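# Breakdown of the fold
Here is how the chains run, residue by residue.
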Amino acid sequence: MRLTRREVIGGAVALSAVAGFGLAPLPAWAQTVDMAALTEAGPLGDEAIGSADAPVTIIEYASLTCGHCAAFHMQTYPALKEKYIDTGKVRFIMREFPLDPLAAAAFMLSRCAGDGKYFGMVDLFFEKQADWTRTDDPVAALLNLSKQAGFTQESFEACLTNQELLDGVNGVKDRGAQFGVDSTPTFFVNGQVVRGAKTIGEFDAILEPMLP
């Protein structure tokens, strides 16, 4: 389902309690996806962290209103980053798969934050997920959080009314669905599909056989 600009702005209020929205995580599949097609960036380009020469590439499709995604980013991602990304073993790519207009709005703001701020915004939105998804006025809550990254009222509104950006976020989601993504978080580890908020121990078991 493609989200419209009206849904992103107006529908956000009706989705103020969507933390954890989505399907329950499933066990890892044995399925693999062609890496050449998978790693081709969409019109917005990819947001990535880690060495471009890393032997393993992890691509995560996530929704910022997904409770399982927040759990992964708060509990597993810091260890994954320290152990694998910062050491040049893994390149990590984050892709948008918003499950609702509120998640799409938060992703748009993350994209609008400017060079080098995308992952910081994503971390902030996951850390404070309950504050902006479980409120009567999620748009105001998003604005307050965005101001921490330098947004003004004007730049906030300009971002959320940017149809080209919304189309790009929708395009990332649509392309993810073509690769079989139907729940969040879904990871592709060198093309291997891994579903659900895995622990660092579970990622160790997946990654170690792939590393030289």
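Scroll up for the structure.
Here the structure is a predicted model, which means the values were calculated and not measured.

## Remarks on the sheet that holds strand E1 (residues 47-49)
One open sheet holds the 5 strands; their spatial order is E1-E3-E2-E4-E5, and the pairing between them is mixed. Either end of the sheet is taken by a strand with one partner, and the two such strands are E1 and strand E5 (192-195). Across the sheet, the mean angle from the axis of one strand to that of its neighbour is 20°, orientation sign disregarded. Two elements, strand E2 (residues 56-62) and strand E3 (residues 90-96), share 7 bridges in a ladder whose sense is parallel. Bridging across to E3, isoleucine 58 finds its partner in phenylalanine 92. Taken strand by strand, helix H10 (residues 163-178) contacts E2 and E3, and its axis lies near 110° from that of E3. Lying on the sheet, helix H11 (residues 200-207) is in contact with E2, E3, strand E4 (186-189) and E5; it crosses E4 at an angle near 30°.

## Focus on the side chain of aspartate 100
Relative to the elements of secondary structure, aspartate 100 occurs in the loop between E3 and helix H5 (101-112). Lacking a salt bridge, the buried aspartate 100 has lysine 173 as its closest oppositely charged neighbour, with an N-O distance of 8.3 Å.

## Remarks on the state of the cysteines
Applying the stated rule across the entire model yields 1 disulfide. One disulfide bridge connects cysteine 112 with cysteine 159, the sulfur atoms lying 2.2 Å from each other. Between cysteine 112 and cysteine 159, the S-S torsion sits near 95°, and that sign places the bridge as right-handed. Here the residue cysteine 112 occupies a position in helix H5, and cysteine 159 occupies one in helix H9 (residues 153-160), the gap between them amounting to 47 residues. Looking at cysteine 112, the relative accessible area reads 32%, which means it is partly exposed. Cysteine 159 sits in the buried class, given a relative accessible area of 2%.

## Structural notes on the packing of H5 against H10
One can describe the packing of H5 onto H10 by two numbers: an axis separation of 10 Å at closest approach and a directional angle of 115°. One element, H5, and the other, H10, form an angle in the roughly perpendicular class. In this structure, H5 crosses over H10, and the sense of that crossing is right-handed. In this structure, H5 uses Ala104, Met108, Arg111 and Cys112 to contact H10, whose residues at the interface are Leu165, Leu166 and Val169. Taken together, the residues that form the contact of H5 with H10 break down as 6 nonpolar, no polar and 1 charged.

## Remarks on the packing of aromatic side chains
According to the stated counting rule, one finds 10 aromatic pairs in the structure shown. With 6.4 Å between their ring centres and 90° between their planes, tyrosine 61 and phenylalanine 97 make a pair best called edge-to-face. Highlighted residues: tyrosine 61 in strand E2 and phenylalanine 97 in the loop between E3 and H5, separated in sequence by 36 residues. Phenylalanine 97 matches tyrosine 61 in its accessibility class, with the two residues each being buried. Both rings, one in tyrosine 61 and one in phenylalanine 188, keep their centres 6.0 Å apart while their planes meet at 80°; by these two values the pair is edge-to-face. Here tyrosine 61, found in strand E2, pairs with phenylalanine 188, found in strand E4; they are 127 residues apart in sequence, far enough to count as distant. As far as burial versus exposure is concerned, tyrosine 61 and phenylalanine 188 are alike and both buried. Aromatic ring contacts, followed pair by pair, group Phe72, Tyr77, Phe92, Phe187 and Phe203 into a single cluster. Above the plane of the ring of phenylalanine 97 lies lysine 173, whose end atom (NZ or CZ) is 5.3 Å from the centre.

So, how was this worked out
- Residues numbered from 1 in each chain as written.
- Predicted model: local features only at pLDDT ≥ 70, side-chain atom pairs only at ≥ 80, totals over all residues.
- Heavy atoms only, no water.
- Pairing = 2+ DSSP bridges.
- Helix = DSSP H or I, 4+ residues; strand = E, 2+ residues; numbered from the N terminus.
- Axes fitted to C-alpha atoms, helices over the stretch in contact; angles between N-to-C directions.
- Contact = heavy atoms within 4.5 Å.
- Buried < 20%, exposed > 50% of the residue type's maximum accessible area, 1.4 Å probe, protein only.
- Lys, Arg positive; Asp, Glu negative; His and termini not counted.
- Salt bridge = Lys/Arg side-chain N within 4 Å of Asp/Glu carboxyl O.
- Disulfide = S-S within 2.5 Å.
- Parallel < 35°, antiparallel > 145°, perpendicular 65-115°, else oblique.
- Left-handed = near helix turned anticlockwise from the far one by under 90°.
- Nonpolar A, V, L, I, M, F, W, Y, C, P; charged D, E, K, R; others polar.
- Phe/Tyr/Trp six-rings, centres within 6.5 Å; stacked < 30°, edge-to-face > 60°.
- Lys NZ or Arg CZ within 6 Å of the ring centre and 35° of its normal.

The quantities given are spatial measurements derived from coordinates; they are silent on function.
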